[in-house]
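What follows is the residue order along each chain.
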Amino acid sequence: MRKAKRIFIFGLAGLVLVLALTAIPAAGQAPGSALNYKKWLEEEVGYIITPLEREVFNKLQTDRERDLFIEAFW
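Residues numbered from 1 in each chain as written. Predicted model: local features only at pLDDT ≥ 70, side-chain atom pairs only at ≥ 80, totals over all residues. Heavy atoms only, no water.

A. Expanded view of helix α2 (residues 34–44). Three or more residues of α2 are buried, namely Tyr 37, Trp 40 and Leu 41. One side of α2 holds all its buried residues, which, seen down the axis, span an arc of 90°. In α2, the exposed positions that point more than 90 degrees away from the buried face belong to Leu 35 and Glu 43. (Buried < 20%, exposed > 50% of the residue type's maximum accessible area, 1.4 Å probe, protein only. Helix = DSSP H or I, 4+ residues; strand = E, 2+ residues; numbered from the N terminus. Arc of directions from axis to C-beta.)

Structural data, given as structure tokens:
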């Protein structure tokens, strides 16, 4: 029962994240800002981001998706 609840919560969190990513306007980032994202991931949220959130962030393919993720994260 406990495992099912955990799966449900992660699924719900994923759904909320996807909905948030489609609803929030992108924050402007300079082109070629891969270093900015690495800094954000390692320095700014390194101690508070969950492994699931880190995994989702690392799978994003565009800067727009990353910007939306960061907005939804905060």
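B. The arrangement of the side chain of Arg 66 in detail. Residue placement: Arg 66 occurs in helix α4 (residues 63–73). For Arg 66, the side chain forms a polar contact with the main-chain oxygen of Leu 60, separated by 3.0 Å. Excluding residues that lie within four positions of it along the chain, Arg 66 makes contacts with Tyr 37, Phe 57, Leu 60 and Gln 61. (Polar contact = N/O pair within 3.5 Å; in protein donor to acceptor, adjacent residues only side chain to side chain. Contact = heavy atoms within 4.5 Å.)

C. Seen up close, the packing of aromatic side chains. This model, assessed by the stated rule, comprises seven aromatic pairs. Measuring from centroid to centroid gives 5.4 Å for Trp 40 and Phe 73, while their planes differ by 85°, and the two rings are edge-to-face. On the criterion of sequence distance, the pair formed by Trp 40 in helix α2 and Phe 73 in helix α4 is long-range, its members being 33 residues apart. Considered together, Trp 40 and Phe 73 belong to a single accessibility category, that of buried residues. Cluster of aromatic residues (ring-pair linked, three or more members): Tyr 37, Trp 40, Phe 57, Phe 69, Phe 73 and Trp 74. Across from the ring centre of Tyr 37, 5.7 Å away, lies the NZ or CZ of Arg 66, which sits over that ring. (Phe/Tyr/Trp six-rings, centres within 6.5 Å; stacked < 30°, edge-to-face > 60°. Lys NZ or Arg CZ within 6 Å of the ring centre and 35° of its normal.)

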